[in-house]
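Reading the structure
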Amino acid sequence: MNFLHTISLLLTSLTAIGAISLEPLLATDDFIDFVQNLLKEWNTPGGLGIALVRRNVGAADNWSIETGGFGNATRFEGKVSPQTQFAIGSNSKLFVVLAVGMALEQQKAKYPLGWKTKICTLLPPWCTLHERAHTFPNEATIEDLMTHRTGWPRHESSYKRSMDINEILSSYLPNLKRFYNNIPYVILPEIASIIWSTGEPFVRLVEKHIFKPLGMEHTTYEYRVAREDSLADGFTRLVELPRLSSGSRADLPKNAWMSFTKGEAKTWPFWDQSENPETDLVAGPGGIIMSVEDSVIWLQTLLLNGKHPKTGAQVIPANVIEKASTGLTVVIPKGMYPELSPVVYGGGQLISSYRGHTFIEHGGTVPGFLTQIIRFPDQGFGVAVFSNDDVVGQALHDTVKWRIVDTVLDFEPVDWNTRMKELKTALLSHRLPRTPRPAPPKVPSSLSAFEGQYMNPSYGTILLCLVPSTFTACKSLSSSIDTILPGVFPSNSDVPSMVFAKDNVRVTHIKLTHFDGALWNASTWTSVEDVVNEGKRWPVRSFGEESEDGFVAEFEFEERKDESQYPMTMAIDQVKGFGLRGVWGAGPGVGPPKGENIVERSEVWFLKV
């Protein structure tokens, strides 16, 4: 590269960094009115924490920094401030990738390790897993985990917080597709600890090598620490969503999006109250709690390619940040809007462009919280928007995020608020009319034959119970179900229903409601402690049954030869098991398993034991 070309590139870089508005924004009357009106229109019980950082014309230590808080941080109407802490969900994944990369850099002089290192060399149980599945036993790499190229569907209803890495590896069977899910980011922290070779748990490594050196004093994996600091409450709404009457989107009124703004507001108990984050399964994929002020430090560090924003010390190697921020797989092949390009995925980072400008971002979602952290490296600015409303939080943070971006880039603002309303309406357009239950349905002759224990290697052993039940082992669950999941099993219903409990991070129960013959509709539920009314609980449905998500259970059993005595029933001798479909969360473009029998076409098969 010649000298003149080098000068040209430098001037181009400085022009790009300087070609943004540095005028104050978050404290202006127009912006304050915009955000306050937005919170009011979407009727959120929560609020927003916002950070905006901008580099001044090529000077790494000269920043324009703004933070702001709007709306409620707590159920006691404490207001959001720059000190308020939010659970950042999957924005935690970047810290996992960086910890692995820092470990590789630290140990590269001692060991021949890198992003292409095969997982088998670090975690021998991985080989056993893939040999059992007859898939690539010796080929999967650290990079494959980082980019979700393991072939694992989400299976969010399966794993328990108490599981360890060996239990995870012994219970999952992959295939060869790409699915975004949390399991790789449960395994990567273990790999980081192995490579560091200090015996320290992953969360302590992140604290030691990232949080503390950067001065992120209000960022933590520990709920009990944040609880004593400035942790926000997470809110939700118990909404009743309309259903299409004819299967046409034209049925929906223009204000259909308002359905999401109605219903009783509820406060979530914090989603991850682990007493020991060192052994917490979800710490890696989603366990970080961060203040708005600390998001400023984090954005600055990322924009400076790992350097401390005040001292200039290289805290995170620049090549590690570059690796995480380099697209390795295509996740959205076509831009969702004219301003957006296709999206590629690196490691805990999505890379795309907005109105011709490259950006790097990721979102985070856990019960009660939604967050977005975005940066424009060529223009030298970044934005964090944190919400504590998990029903309309995405609409809020995306609308505010893009308004800030449009303003900083000096573009005519796009009406993202209207687009968010259209997206919410589109969600309702999938709520097709319910398929009517056959009249009369064919009901199994002996419902009690379905009760008992079933086993799946990944999901564990479950106890399936009728509601109500006379089966001794089921009496405790059946008699308390109205307290655990009030209103979910109406006493006046004549449709047979069953339930089993799950020791899961997000799902506590799965309900089965009879449809016809061997087919039952399924739905996942969470029994939530009411933090306002002591001793009470309220139910949250994740998916299935009423929302027509195609989540079903199909039983296999031996039928009696002569059914002449049972014209309206299925006469059964012995239940063999049941298969679930619509539960694994494979994502768009991936069809269900195919097969000639129930076992083969099930996503999860439970054998009666």
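The following refers to the structure shown. Counting restarts for each chain, with residues numbered from 1 along the sequence as it is written. Per-residue local features of the predicted model are confined to residues with pLDDT of at least 70, and side-chain atom pairs are confined, for both listing and counting, to 80 or more; whole-chain, interface and lining totals are unaffected and use all residues. Side-chain metrics rest on all non-hydrogen atoms present in the structure, leaving aside hydrogens and water.

1. Considerations on the pattern of salt bridges
Between side chains of opposite charge, a pair can form when the charged atoms approach closely. Criterion for a salt bridge: a side-chain nitrogen of Lys or Arg within 4 Å of a carboxyl oxygen of Asp or Glu. According to the stated counting rule, one finds 22 salt bridges in the structure shown. For Arg204, the salt bridge goes to Glu278, with nearest N and O atoms at 2.8 Å. Pair noted here: Arg204 is in helix 8 (residues 202-214) and Glu278 is in the loop between strand 6 (264-268) and helix 10 (283-286), with a separation of 74 residues, a long-range link. A salt bridge links Asp398 to Lys401; the shortest N-O distance between them is 3.5 Å. One end of the pair, Asp398, and the other, Lys401, are both in helix 13 (residues 393-408), three residues apart, so they sit about a helical turn from each other. No difference in accessibility class separates Asp398 from Lys401, as the two residues are buried. Think of it this way: any DSSP run of H or I at least four residues long counts as a helix, any run of E at least two long counts as a strand, and we number them from the N terminus. Remark: exposure states derive from per-residue accessible area (1.4 Å probe, protein chains only) relative to the maximum for the residue type, with buried under 20%, exposed over 50%, and partly exposed in between.

2. Brief notes about the packing of aromatic side chains
Pairing of aromatic rings covers Phe, Tyr and Trp, the last counted by its six-membered ring, and requires centre-to-centre distances within 6.5 Å; plane angles under 30 degrees mean stacked, over 60 mean edge-to-face, and any other angle means tilted. Under the criterion given, the structure shown has 30 aromatic pairs. Here Phe376 and Phe381 contribute two aromatic rings whose centre-to-centre distance is 4.8 Å and whose plane-to-plane angle is 5 degrees, an arrangement assigned as stacked. Looking at Phe376, the relative accessible area reads 0%, which means it is buried. You can call Phe381 buried: its relative accessible area is 0%. Taken together, a centroid distance of 5.0 Å and an interplanar angle of 20 degrees make the contact between Phe578 and Phe606 stacked. In this pair, Phe578 is assigned in strand 23 (residues 572-581) and Phe606 in strand 24 (residues 604-608), connecting sequence segments 28 residues apart. What links up through ring pairs into an aromatic cluster is the set Phe450, Tyr454, Tyr459, Phe500, Trp520, Phe555, Phe557, Phe578 and Phe606. A cation sits over an aromatic face here: Arg419 above Trp416, 4.6 Å from the ring centre. Only Lys NZ and Arg CZ are tested; either one counts as a charge over a ring when it is within 6 Å of the ring centre and within 35 degrees of the ring normal.

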